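# Structural overview for review
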Amino acid sequence: MLIDVLTIFPKSFSPVINESILKRAQKSGKVKIRINDIRDFTLDKHRKVDDRPFGGGPGMVMCAQPMFSAVQHILRSTKHKAHSTKRKVILLSPQGQTLTQKLAKKLSGYKHLILICGHYEGVDERVKRYLVDDEISIGDYVLTGGELPAMVLIDSIVRLLPGVLGRSESLNEESFKNRLLEYPQYTRPAVFKGKKVPQVLLTGNHKLIAQWRKFKALEQTKLKRADLLKNK
Ligand code: 9D3
């Protein structure tokens, strides 16, 4: 998979995409992540990416031209035919559909994703109408820009690509929907600051342990996320 990001804060991505699983996924060639600076596609000498809204009002609006030019440049520079077959241009936006595990799974089937990070009061509507296929939000709270949401989206997608997670990491990869919260886990020592690990886990009775875990998973879910039990 090829992921292109359009941002005015290119440096902010590097600590996230160059660590751990995302780094490993890029090294093994399962994904290529390219960070594109929107400012590089401005035409004026001040490299201005935003302007005042027509009709007045507070704040600034991100201009259409640099975003159109950047996407055009990316499409021209992407020689591999395979990428053009399953490609999507996504704007990270508070007005988008909320990211879910189901959506991450669907997007993991694409060959080329172009992620645009918005800022300020918003982006010129023509970007949304004529350049973007989909708008995605990561939840109902206000952030300062689309960069963190883009990183969240990338993380949720890349870990689903075949071979990215090791066997132990990928156990338990059923749909997040319809799932229970996890049962409580313990490791050594058996007594820490006088607090004991539940006795059942030390018995070696696998059937009893499985039963206890099932019960605890249900109990945790009922206590913390009763909404997940709706269709159960
Ligand atoms: C003035 C009204 N605001 C819309 C609710 C403007 C606005 C607020 C925050 C415009 C952009 C932003 C920056 N946030 C994002 O770009 C963003 C975001 C978010 O704030 N929360 C959850 N998901 C996302 S995805 C992109």
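Data block above holds the structure.
Note on numbering: residues in each chain are counted from 1, in written sequence order. Local features are withheld for residues below a pLDDT of 70 in this predicted model, meaning they are given only at 70 or higher, and side-chain atom pairs are given and counted only at 80 or more; totals for whole chains, interfaces and linings count all residues. To obtain the side-chain values, all non-hydrogen atoms of the structure were used and water was disregarded.

## Here we look at the site of the ligand
The cutoff for a nearby residue is simple: one of its non-hydrogen atoms must lie within 4 Å of the molecule or strand. Near the ligand, the surroundings consist of 17 residues, among which Ser-93, Ile-138, Gly-139, Tyr-141 and Leu-143 are the closest. Polar contacts here mean pairs of N or O atoms no more than 3.5 Å apart (in protein, one a potential hydrogen donor and the other a potential acceptor; neighbouring residues in sequence count only if both atoms are side-chain atoms). Within the contact set of the ligand, a nitrogen atom lies 2.8 Å away from a backbone nitrogen or oxygen of Tyr-141. At 3.4 Å, a backbone N or O of Gly-146 approaches an oxygen atom of the ligand. When isolated, the ligand has an accessible area of 580 Å², and the protein chains bury 77% of it. A majority-of-atoms criterion places the ligand in the largest pocket. The helix and strand labels rest on DSSP assignments: H or I over at least four residues marks a helix, E over at least two residues marks a strand, and numbering proceeds from the N terminus. Of all the secondary structure elements, the ones that give two or more residues to the shell around the ligand are strand S5 (87-98) and strand S7 (134-137). In terms of residues, the shell around the ligand owes the most to one element, S5, which gives 4 residues. Each accessible area is a Shrake-Rupley result for a 1.4 Å probe, and residues are judged covered by the shown protein chains and nothing else. Space inside and on the surface of the protein is sampled on a 1 Å grid over the protein atoms alone, with a cavity defined as a set of points where a 1.4 Å probe fits but cannot get out and a pocket as an open set with protein on both sides within 12 Å along at least 5 of 7 lines; lining residues have an atom within 4 Å of a point. For this analysis, a molecule is said to be in a pocket or cavity if more than half of its atoms are within 2 Å of the grid points defining it.

## Things to note about the sheet that holds strand S1 (residues 2-7)
Should DSSP find at least two bridges between two strands, the strands are taken to pair. Pairing is parallel in the open sheet, where 5 strands are placed in the order S2-S1-S6-S5-S7. One side of each edge strand has no neighbouring strand; the edge strands of this open sheet are strand S2 (32-37) and S7. Averaged over all neighbouring strand pairs, the angle between strand axes comes to 30°, with direction disregarded. Inspection of the sheet shows S1 paired to S2 by 6 bridges, in the parallel sense. Bridging across to S2, Leu-2 finds its partner in Lys-32. In this fold helix H3 (residues 64-77) packs onto S1, S2, S5 and strand S6 (112-117), with an angle of close to 160° to the strand it touches most, S6. Contact between two residues is taken to exist if any of their heavy atoms lie within 4.5 Å; hydrogens are not considered. For helices, the fitted line uses only the C-alpha atoms of the stretch in contact; every axis is such a line through C-alpha atoms, and the angle between N-to-C directions lies from 0 to 180 degrees. Strand contacts of helix H7 (residues 147-158): S1, S2, S5, S6 and S7, with the helix running at about 160° to S6, the strand carrying the most contacts.

## Examining the layout of surface pockets
Grid points are joined across faces, edges and corners, and a volume is the space filled by probe spheres set on the points. By volume, the largest pocket is sized at about 470 Å³. Lining the largest pocket are 24 residues; nearest its centre among them are Leu-92, Ser-93, Pro-94, Leu-143 and Gly-145. When residues of the lining of the largest pocket are traced back to their parent elements, those giving at least two are S5 and S7. At 5 residues, the largest contribution of residues to the lining of the largest pocket is made by S5.

## Here we look at the pattern of salt bridges
When a carboxyl oxygen of Asp or Glu is within 4 Å of a side-chain nitrogen of Lys or Arg, the pair counts as a salt bridge. In the structure shown here, the tally under the stated rule is 10 salt bridges. Here Arg-34 and Asp-4 are joined by a salt bridge, their closest N and O atoms 2.9 Å apart. You can see Arg-34 sitting in strand S2 and its partner Asp-4 sitting in strand S1, a full 30 residues away along the chain. Accessible area is worked out with a 1.4 Å probe on protein chains only. A residue is then buried under 20% of its type maximum, exposed over 50%, and partly exposed in between. Since its relative accessible area comes to 22%, Arg-34 is described here as partly exposed. For the salt bridge of Lys-128 with Glu-135, the shortest nitrogen-to-oxygen distance reads 3.8 Å. The exposure class of Glu-135 is partly exposed, given its relative accessible area of 23%.

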